[in-house]
Amino acid sequence: MPDDPFSNYSMPGKSRRFRQKRGHATKTVAAVVGLVVLGMAIYQNCRIDVGTGEMAILTVKTGLDITNGDEVAPSLDYKGSQAVFLMEGRYFMNPFDKGPRFFNPYDWDWDVIPQTTIPEGKLGVLISLVGEDPGYGEFLGAVDKSAANAGNQIGTPIRKGIIPDVLIPGRYAINPNLFRLEIGEPVTIEAGYRGVVTNLAGRLPAQPNELLVEPGERGVQRQTLQEGTQQINPYVTRISKVDCRSQRFNLADKKDMGFPSKDGFWVSLDGRIQFRVNPEKAAEVYVIYNEDENGDAIDEEIIRKIIMPNARSFCRLAGSSKLGKDFIEGETRMEFETSFQTAMIEACEPLGIEIQEALITRINPPEQIAEPIQQRENARLEEQKYQSQITQQEAEKELAVDKAEAKQKSALVVVEQEIVKLVTEAMREQEVAKTKANEKLAVATLKLEAAKDEAEAIIARGKATADVIGYENKADAAGWKRAVEAFNGNGDEYAQFVLYQKLAAAYRRIMVNTADSPIMRMFESVTEDADRGLLKSPQTDSLPVPSTGRNPSSTIVK
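Residues numbered from 1 in each chain as written. Predicted model: local features only at pLDDT ≥ 70, side-chain atom pairs only at ≥ 80, totals over all residues. Heavy atoms only, no water.

Chemist: Is there a simple way to think about the overall build of the protein chain in this case?
Modeler: The number of helices and strands found in the protein chain is 9 helices and 21 strands. A fraction of 69% describes how many contacts in the protein chain between residues 6 or more apart in sequence connect residues 24 or more apart. Summing over all exposed atoms, the protein chain offers an accessible surface of approximately 35,900 Å²; the carbon and sulfur share of this is 55%. (Helix = DSSP H or I, 4+ residues; strand = E, 2+ residues; numbered from the N terminus. Contact = heavy atoms within 4.5 Å. Areas by Shrake-Rupley, 256 points an atom, 1.4 Å probe, with all protein chains shown as cover.)

Chemist: I'm lost on the pairing of strand β14 (residues 193-199) in this one. Help?
Modeler: On a regular strand, each side chain points to the face opposite its neighbour's, so the side chains alternate between the two faces of the sheet. Judged by how many residues are buried, β14 sits mostly within the fold: 7 of 7 residues are covered. Because side chains alternate across β14, one face comprises the buried residues Tyr193, Gly195, Val197 and Asn199, and the other comprises Arg194, Val196 and Thr198, equally buried. One ladder, built from 7 bridges, connects β14 with strand β17 (residues 237-243); its direction is antiparallel. What sits directly across from threonine 198, in β17, is arginine 238. Note: β14 against strand β15 (residues 219-220), 2 bridges, orientation antiparallel. Each residue of the ladder has a partner; that of asparagine 199, found in β15, is glycine 219. (Buried < 20%, exposed > 50% of the residue type's maximum accessible area, 1.4 Å probe, protein only. Pairing = 2+ DSSP bridges.)

Chemist: What is the right way to look at the pattern of salt bridges in this model?
Modeler: A pair can form between side chains of opposite charge whenever their charged atoms are brought close. Summed over the entire model, instances satisfying the criterion amount to 17 salt bridges. We note a salt bridge from glutamate 357 to arginine 272, for which the minimum N-O separation is 3.4 Å. Remark: arginine 272 occurs in strand β20 (residues 266-277) and glutamate 357 occurs in strand β21 (residues 353-364); sequence separation between them is 85 residues. By sharing partners, the salt bridges in this structure join Arg47, Asp49 and Arg90 into a single network. (Salt bridge = Lys/Arg side-chain N within 4 Å of Asp/Glu carboxyl O.)

Chemist: What am I meant to see in the side chain of glutamine 221 here?
Modeler: Summarising the element assignment, glutamine 221 is placed in the loop between β15 and β16 (228-230). For glutamine 221, a relative accessible area of 8% corresponds to the buried category. Only 3.5 Å separates the side chain of glutamine 221 from the backbone oxygen of glycine 219, close enough to count as a polar contact. (Polar contact = N/O pair within 3.5 Å; in protein donor to acceptor, adjacent residues only side chain to side chain.)

Chemist: Teacher, can you tell me more about the sheet that holds strand β7 (residues 123-128) here?
Modeler: Neighbouring strands of a sheet are bound in pairs by backbone hydrogen bonds; such pairs are parallel or else antiparallel. Within the open sheet, the 3 strands sit side by side as β10-β7-β12. Their pairing is antiparallel. Of all the strands in the sheet, the pair left with one neighbour each is β10 (161-167) and β12 (179-184). Averaged over neighbouring strand pairs, the angle between their axes works out to 25° when direction is ignored. Bridging between β7 and β10 involves 4 bridges; their strand directions are antiparallel. Bridged to serine 128 within β10 is glycine 161. (Axes fitted to C-alpha atoms, helices over the stretch in contact; angles between N-to-C directions.)

Chemist: Explain a nonpolar patch on the surface to me, please; I cannot follow it from the model alone.
Modeler: Nonpolar side chains collect at one region of the surface, where Val415, Ile419, Val423 and Met427 lie side by side and expose about 350 Å² of accessible area between them. Positionally, isoleucine 419 belongs in helix α5 (residues 367-486). For isoleucine 419, a relative accessible area of 47% gives the class partly exposed. (Patch = residues over 30% accessible without salt bridge, like charges linked within 9 Å, V, L, I, M, F, W, Y side chains within 5 Å.)

Chemist: Help me out: how do you make sense of helix α3 (residues 299-319) in this one?
Modeler: Quick reminder: α-helices carry 3.6 residues per turn. Residues three or four places apart thus point the same way. If you look at α3, its biggest bend is around 35°, right at isoleucine 307, and the proline proline 309 turns up within four residues after that. Of all the positions in α3, only Glu301, Ile302, Ile303, Ile306, Ile307, Met308, Ala311, Phe314, Cys315, Ala318 and Gly319 are classed as buried. (Bend = angle between axes of the 7 residues up to and from the residue.)

Chemist: Sorry, what's going on with the sheet that holds β14 here?
Modeler: Taken in spatial order, the 3 strands line up as β15-β14-β17 in an open sheet, and their pairing is antiparallel. Looking along the sheet, the strands with just one partner apiece sit at the ends: β15 and β17. The strands that helix α2 (residues 282-289) touches are β14, β15 and β17; relative to β14, the one it contacts most, it runs at about 65°.

Chemist: How do you make sense of α2 when you look at a structure like this?
Modeler: Residues of α2 that are buried: Ala282, Ala283, Val285, Tyr286 and Tyr289. Viewed along the axis of α2, the buried residues span an arc of 165°, placing them on a single side of the element. In this structure, the buried side of α2 is in contact with β14, β15, β17, β20, α3 and β21. (Arc of directions from axis to C-beta.)

Chemist: In this structure, what is going on with the packing of aromatic side chains? I would like to understand it.
Modeler: Inspection of every chain in the model, using the stated rule, returns 5 aromatic pairs. Measuring from ring centre to ring centre gives 6.3 Å for phenylalanine 249 and phenylalanine 275, while their planes differ by 80°; the resulting arrangement is edge-to-face. Placement of the pair is phenylalanine 249 in strand β18 (residues 247-250) and phenylalanine 275 in strand β20, with a sequence separation of 26 residues. For the pair shown, phenylalanine 249 and phenylalanine 275 are each scored as buried. Consider the rings of phenylalanine 487 and phenylalanine 497, whose centres lie 5.4 Å apart with planes at 45°: the pair is tilted. One end of the pair, phenylalanine 487, is in the loop between α5 and α6 (491-510); the other, phenylalanine 497, is in helix α6, and 10 residues separate them in sequence. An identical accessibility class is assigned to phenylalanine 487 and phenylalanine 497; each is buried. (Phe/Tyr/Trp six-rings, centres within 6.5 Å; stacked < 30°, edge-to-face > 60°.)

Chemist: Explanation requested: the environment of arginine 245 in the structure shown.
Modeler: In this structure, arginine 245 sits in the loop between β17 and β18. Along the primary structure arginine 245 and arginine 276 are separated by 31 residues, whereas in three dimensions their C-alpha atoms are 5.6 Å apart. Setting aside chain neighbours within four positions, we find arginine 245 in contact with Ala191, Gly192, Tyr193, Phe275 and Arg276. For arginine 245, the side chain forms a polar contact with the side chain of tyrosine 193, separated by 3.0 Å.

Chemist: What is the right way to read the side chain of aspartate 107 from this model?
Modeler: Within the secondary structure, aspartate 107 sits in the loop between β4 (89-91) and β5 (108-114). For the buried aspartate 107, no salt bridge exists, and the shortest N-O distance to an oppositely charged side chain is 8.6 Å, to lysine 61. Here the side chain of aspartate 107 touches threonine 62 through a polar contact of 3.1 Å, side chain to side chain. Filtering out sequence-adjacent residues up to four positions away, aspartate 107 remains in contact with Thr59, Val60, Lys61, Thr62 and Pro100. (Lys, Arg positive; Asp, Glu negative; His and termini not counted.)

Chemist: Help me understand a negative patch on the surface in this model?
Modeler: Taken together, the side chains of Glu394, Glu398, Asp402 and Glu405 make up a negatively charged region of the molecular surface. Structurally, glutamate 405 is set in helix α5. Note on glutamate 405: relative accessible area 39%, which makes it partly exposed. (Charge placed at Lys NZ, Arg CZ, Asp CG, Glu CD.)

Chemist: Could you clarify how one ought to interpret the confidence of the model for the protein chain in this entry?
Modeler: Per-residue confidence for the protein chain averages 79 on the pLDDT scale, and 78% of its residues sit at or above 70. Here residues 534-558 scores under 50 on pLDDT; set against residues more than four positions off or in separate chains, the count is 34 contacts. (pLDDT = per-residue confidence, 0-100.)

Below, the structure written as structure tokens:
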């Protein structure tokens, strides 16, 4: 029987090797677990998560000590709160050049805070808390924007104080260890106002005794701002709004408008003055007349310091040179009111105040002389009214005459226009008739020429016909002459022969059956002679017969 395959195996040796293998596995598992735990610890404790709209303020725990004058660490090599910060994102390692490489809790501490948001319609003013101290009399801070890290729109402060530039509405990453932010309101200059600019910081004026300074100098600027919204740092520039709209007040509101007349009577009056501040001189007027207790309002100062003194001065100078009764009469009052407005304009415009209206609305004369003078004045006014009525009636009369003349002229113009129209129409008709007459004349001329031609043709034809008739008559006459010569020159016989010859044929046909009747015997002798040829012409075998239808016997008789 073979030996047991495990018979040569020593039990103590096997146990030792098993324990060794188990120990290596345990160490491996422990190492893996340790690495996992370490990784989780690093992930949990060395991770900086900066969410949207947040920032992380860093503090270095190890490194060089800062001096007593430093509010923050000058760099990452020093312990304390740092100027640099982290924007949105997840960080395990230091993104900056210096300082500990990993964000471990031993070297680093951090605080994730929300970024600063400036609401719409507001502005932000930054105050630098670190940096150099400003000089004597200075309070403005400064920043170095070139030294700003990624995402830092503000920059690194280099001098303590108020930063001149303002922040408009939006979101900003502001390190609270470096800056303090104050939310303010923009300055709105309404329509009709001007903004007087006072620089609270800047270089001292070159002319310290001048009311207004040049641009960039400390003091009130000559140039004012138009209406609109201005993003102004209230610690650097002060804007005072001056009302340049028209304003009105009554002189009687001050209860002391009056003057003594030349004859010693007291005359009180009331008036209305409308004025405004000249926009081009708003800064000068504000500096001269504004008082701190009234804020930006200078209306009361203008009335109290400019308008009322000039109004009283004119009234007392001009009014004291006239008698009390003069202020009841209309002409004097009108002259006084006109002079009042002129004097107020001349006195106030050089001071930057435009007088738009200055009226004396009421003058109260002395009561002792008011009634009789008023009656006289009423009578004078009544007389003027009648004179005005007479003048008006005369004017109406002249107007009526002018209207009648104008009407007559209008009628004459109409008639003349009608005459011109008729004359024009007649001339036109005359031209038409003349044209037609000329046409008819031309036609008549042509007809006349044609008639002349036709008459000449008729004459020619008649002459030709007459010549033909003459030639025929001559031929007939020659034939008759020869026929008469056949009867020995006896025309009566020839005529009788012709008559009998024409009648014989007719009677023969009529009385063909009565040849033996007595009437036929009358022609026997003629017939017999004809048969014998007694009537024949010695030249021809037959007697000539005229070609015309005229009676030969009558011709011969003639």
